[in-house]
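Examining the three-dimensional arrangement
Each chain is listed here by its residues.
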Amino acid sequence: MNMRKKVLIALVVAVTLVGVVFGGAFAFQRKLIYLPEAGPPPGAATVLPGGRDVTLTTSDGLSLASWYFPVADAKAAVLVAPGNAGNRMYRAPLARALTARGLSVLLLDYRGYGGNPGEPSEDGLALDVRAAQDFLVREAGAPLIYFGESLGSAVVTELAVERPPSALVLRSPFIDLASVGQRHYPFLPVRWLLRDEFPTKDTVAQVKAPVTVVFGAGDSIVPADQSREVARTVGARMIEVPGADHNDPVFADGPELIDAITGAIR
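Residues numbered from 1 in each chain as written. Predicted model: local features only at pLDDT ≥ 70, side-chain atom pairs only at ≥ 80, totals over all residues. Heavy atoms only, no water.

Judged by how many residues are buried, strand E4 (residues 76-81) sits mostly within the fold: six of six residues are covered. Alternating positions in E4 separate into two faces, Ala 76, Val 78 and Val 80 on one and Ala 77, Leu 79 and Ala 81 on the other, with burial throughout. Relative to strand E6 (residues 103-107), E4 runs parallel, the two sharing five bridges. Bridging across to E6, Ala 76 finds its partner in Leu 103. As judged from the five bridges shared by E4 and strand E7 (residues 144-149), these two strands associate in the parallel manner. Bridge pairing in E7 links Val 80 to Phe 147. (Buried < 20%, exposed > 50% of the residue type's maximum accessible area, 1.4 Å probe, protein only. Helix = DSSP H or I, 4+ residues; strand = E, 2+ residues; numbered from the N terminus. Pairing = 2+ DSSP bridges.)

Written out as structure tokens, the structure reads:
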């Protein structure tokens, strides 16, 4: 076998391997982005007295189990759009802390999360959060605060443009999904491969409501610089938690986060 033929074979093998890697990344990317906890959580009342198990109906016909924790004469109602992992059980400490401060709370579980039907996607999550907002408009009788954590920040920011809240609170927001993906998968052309974009920075510039951005200075998932850039884009109130990483307990029910949400309506 001459050298030219060997080089050609090696090139074909290399191109094939690259194609397999990129093709797999494209086909299974949503399995890497969305990490739901298997199975439904327990009932809301077992988590917090007075909690209600509620069903949100999306415009494309899905029924999403979620939790609602109403407070009499609430100062506001908080729509909680979670991040990309777990289910609403992980946000129970947040609901407990916020209701203790006089705020009603809706813990949304997206399609595919918490035993809900459907497969998550950017378009799907947009429909889910609209169903949650519809519910609170009917039930809460109080000003609405949208709170999004990480990926959920992108979800509620897009909602806030179309349906303005009284306040928007973003926890660890990223510029867009590709900017985070490129950090964690530097060997892939992430921006070219991604089907879901979640362009938080571009979208937040259109928000008219007061915006608060909370983030950890030591975040290893969403770099703090990205959260700062989102905040600067809209002139948001910025709360930086020194040394905090993405999933530290301070972002479950810590005073910095709870004060940011309860003080969001100015």
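There's more to say after this.
Right, let's get into the packing of aromatic side chains. Counted by the stated rule, this structure contains three aromatic pairs. On the basis of an interplanar angle of 75° and a centroid distance of 6.1 Å, the ring pair of Trp 67 and Phe 69 is categorised as edge-to-face. Aromatic side chains Tyr 110 and Tyr 113 sit 5.7 Å apart centroid to centroid with 80° between the ring planes, which places their arrangement in the edge-to-face category. Take Tyr 110: its relative accessible area is 1%, and that puts it in the buried class. (Phe/Tyr/Trp six-rings, centres within 6.5 Å; stacked < 30°, edge-to-face > 60°.)

A word on the nonpolar core. Ranked by internal contacts, the top residues of the largest apolar core, which has 48 residues, are Leu 136, Leu 151 and Phe 198. Leave out the neighbours within four places in its chain, and Phe 198 touches Tyr 34, Glu 122, Leu 125, Leu 151, Ala 154, Val 155, Phe 174, Ile 175, Asp 176 and Leu 177. Grouped together as the second largest cluster of nonpolar side chains are 31 residues, Leu 48, Ala 76, Ala 92 and Ala 97 included. (Core = buried A, V, L, I, M, F, W, Y, C linked by side-chain atoms within 4.5 Å. Contact = heavy atoms within 4.5 Å.)

Turning to its location among the elements, Val 234 is positioned in helix H10 (residues 224-234). For the pair formed by Val 234 and Pro 210, sequence separation is 24 residues and the distance between their alpha carbons is 9.0 Å. If we ignore the near neighbours within four places in the chain, the residues touching Val 234 are Val 204, Val 207 and Val 211.

Turning our eyes to something else, we now look at the sheet that holds strand E2 (residues 52-57). Strand order in the open sheet made by the eight strands is E2-E3-E6-E4-E7-E8-E9-E10, with mixed pairing throughout. Looking at which strands have only one partner, the edges of the open sheet turn out to be E2 and strand E10 (237-241). Sheet twist, expressed as the average angle between the axes of neighbouring strands with direction ignored, equals 20°. Seen against the sheet, helix H6 (residues 151-162) touches E4, E7 and strand E8 (167-171) and runs at an angle of roughly 145° to E7. In the packing of H10 onto the sheet, the strands contacted are E8, strand E9 (211-216) and E10, and the crossing angle to E9 comes to about 170°. (Axes fitted to C-alpha atoms, helices over the stretch in contact; angles between N-to-C directions.)

Right, let's talk about helix H12 (residues 255-262) for a bit. Those residues of H12 lying buried are Leu 257, Ile 258, Ala 260 and Ile 261. For H12, the angular spread of the buried residues around the axis is 160°, confining them to a single face. (Arc of directions from axis to C-beta.)

On to the pattern of salt bridges, then. Counting across every chain of the model gives 13 salt bridges. Asp 134 is paired through a salt bridge with Arg 163; the nearest N and O atoms lie 2.8 Å apart. You can see Asp 134 sitting in helix H5 (residues 122-139) and its partner Arg 163 sitting in the loop between H6 and E8, a full 29 residues away along the chain. A relative accessible area of 21% places Arg 163 in the partly exposed class. One salt bridge in this structure joins Glu 162 and Arg 163, with 3.7 Å as the shortest N-O distance. Taking the relative accessible area as the measure of exposure, Glu 162 reaches 48% and is therefore partly exposed. (Salt bridge = Lys/Arg side-chain N within 4 Å of Asp/Glu carboxyl O.)

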